Amino acid sequence: MKTQPFAILVVIVSCCALFASVTVLAQTTTDAGLATNPIYKKNCAKCHGKAAEGRHFGGPSLISDKTRAASDDDLRNVISNGKGRMPKYTGKLTPEEISTLVEQIKALNKK
Ligand code: HEC
């Protein structure tokens, strides 16, 4: 009898944990957008803004007619080799990571 309230608490806590992890999982799988990409947050958001809206150090918005008009290769080229004040990411990110960023930038511009 003494352990019962504790047992109930454990059930409640584990339900919450389960629910939280399901929510997190759902977010990473269904909304794998640029703003949720940890690589973007770590490397790019300081210039291009948390939601790619453009922000500091002259980093332009990545949601623009210019970006929409750019091909995947153009975007990959800018990220890999840099351009003006945009740093190059060859050697810092893997080709797969850069491809994911390109896809996510493209996806943002399709909306
Ligand atoms: C130091 C600030 C800075 C950081 C960090 C940075 N950028 Fe940039 N980015 C720029 C600037 C400035 C430009 C504009 C370059 C130009 O056109 O002269 C740019 C341009 C771009 C473009 C081309 C946009 C277009 O419409 O042609 C893309 C794509 C891009 N950045 C993606 C990224 C990604 C992805 C990251 C992270 C891996 C990143 N940037 C990190 C400053 C930055």
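Thresholds, definitions, all that
- Residues numbered from 1 in each chain as written.
- Predicted model: local features only at pLDDT ≥ 70, side-chain atom pairs only at ≥ 80, totals over all residues.
- Heavy atoms only, no water.
- Donors = N, O, S within 2.8 Å, 3.2 Å for Na, K, Ca; no water.
- Tetrahedral: all angles 85-135°; square planar, octahedral: opposite > 155°, others 65-115°.
- Helix = DSSP H or I, 4+ residues; strand = E, 2+ residues; numbered from the N terminus.
- 1 Å grid on protein atoms, 1.4 Å probe; cavity = no way out; pocket = protein on both sides within 12 Å on 5 of 7 lines; lining within 4 Å.
- Points joined across faces, edges and corners; volume = space filled by probe spheres on them.
- Polar contact = N/O pair within 3.5 Å; in protein donor to acceptor, adjacent residues only side chain to side chain.
- Contact = heavy atoms within 4.5 Å.
- Expected span 1.5 Å × (residues − 1).
- Buried < 20%, exposed > 50% of the residue type's maximum accessible area, 1.4 Å probe, protein only.
- Near = heavy atom within 4 Å.
- Nonpolar A, V, L, I, M, F, W, Y, C, P; charged D, E, K, R; others polar.
- pLDDT = per-residue confidence, 0-100.
- Salt bridge = Lys/Arg side-chain N within 4 Å of Asp/Glu carboxyl O.

A closer look at the coordination of the iron atom of the ligand
Point 1. At 1.9 Å from the iron atom of the ligand lie its protein donor atoms, namely His-48 (NE2) and Met-86 (SD).
Point 2. For the iron atom of the ligand, the six donor atoms are set out with angles of 86 to 180 degrees between them, so the coordination reads as octahedral. One end of the pair, His-48, is in helix α3 (residues 45-48); the other, Met-86, is in the loop between α5 (72-81) and α6 (95-110), with 38 residues separating them in the sequence.

Brief notes about the layout of surface pockets
Point 1. Considered as a void within the structure, the largest pocket measures approximately 590 Å³ in volume.
Point 2. Around the largest pocket, the lining is made up of 27 residues, and of these His-48, Pro-60, Leu-62, Val-78 and Met-86 lie nearest the centre.
Point 3. Counting residues per element, the ones that place at least two in the lining of the largest pocket are α2 (38-43), α3, α4 (65-69), α5 and α6.
Point 4. If one sorts the elements of the lining of the largest pocket by residue count, α5 sits on top with four residues.

Details of the side chain of Thr-67
Point 1. Note on placement: Thr-67 falls in helix α4.
Point 2. For Thr-67, the side chain forms a polar contact with the side chain of Ser-64, separated by 2.9 Å.
Point 3. For Thr-67, the residues in contact, after removing those within four places along its chain, are Ser-61, Leu-62, Leu-75, Ile-105, Lys-106 and Asn-109.

Description of α6
Point 1. With 16 residues, α6 extends 23 Å between its outermost C-alpha atoms, agreeing within 8% with the 22 Å of an ideal straight helix rising 1.5 Å per residue.
Point 2. Every buried residue belonging to α6 is among Ile-98, Leu-101, Val-102, Gln-104, Ile-105, Lys-106, Leu-108 and Asn-109, and all of these are buried.
Point 3. For α6, the elements touching its buried residues are α2, α4 and α5.

Some points on the site of the ligand
Point 1. Not every one of the 21 residues close to the ligand is listed here, only the nearest: Cys-44, Cys-47, His-48, Thr-67 and Met-86.
Point 2. The side chain of His-48 places a nitrogen or oxygen atom 2.7 Å from a nitrogen atom of the ligand.
Point 3. At 3.5 Å, a side-chain N or O of Lys-83 approaches an oxygen atom of the ligand.
Point 4. Elements with a minimum of two residues in the shell around the ligand: α3, α4, α5 and α6.
Point 5. Looking at the shell around the ligand, the element that brings in the most residues is α5, giving three residues.
Point 6. Here the shell around the ligand is composed, by residue class, of 13 nonpolar, five polar and three charged.

Considering the confidence of the model for the protein chain
Point 1. Averaged over all residues, the pLDDT of the protein chain equals 81, while 68% of them reach at least 70.
Point 2. Mean pLDDT values over the elements of the protein chain span from 49, in helix α1 (residues 4-30), up to 97, in α5.
Point 3. Every residue in residues 21-30 is under pLDDT 50, and counting partners more than four places away or in other chains gives two contacts.

Here's the deal with the pattern of salt bridges
Pairing of side chains with opposite charge becomes possible as their charged atoms draw close.
Point 1. All told, the structure shown has one salt bridge when counted by the stated rule.
Point 2. The partner of Arg-68 in a salt bridge is Asp-65, with the nearest N and O atoms 2.9 Å apart. Here the residue Arg-68 and the residue Asp-65 both occupy positions in helix α4, the gap between them amounting to three residues, near one helical turn.
Point 3. By relative accessible area, which is 60% here, Asp-65 ends up exposed.

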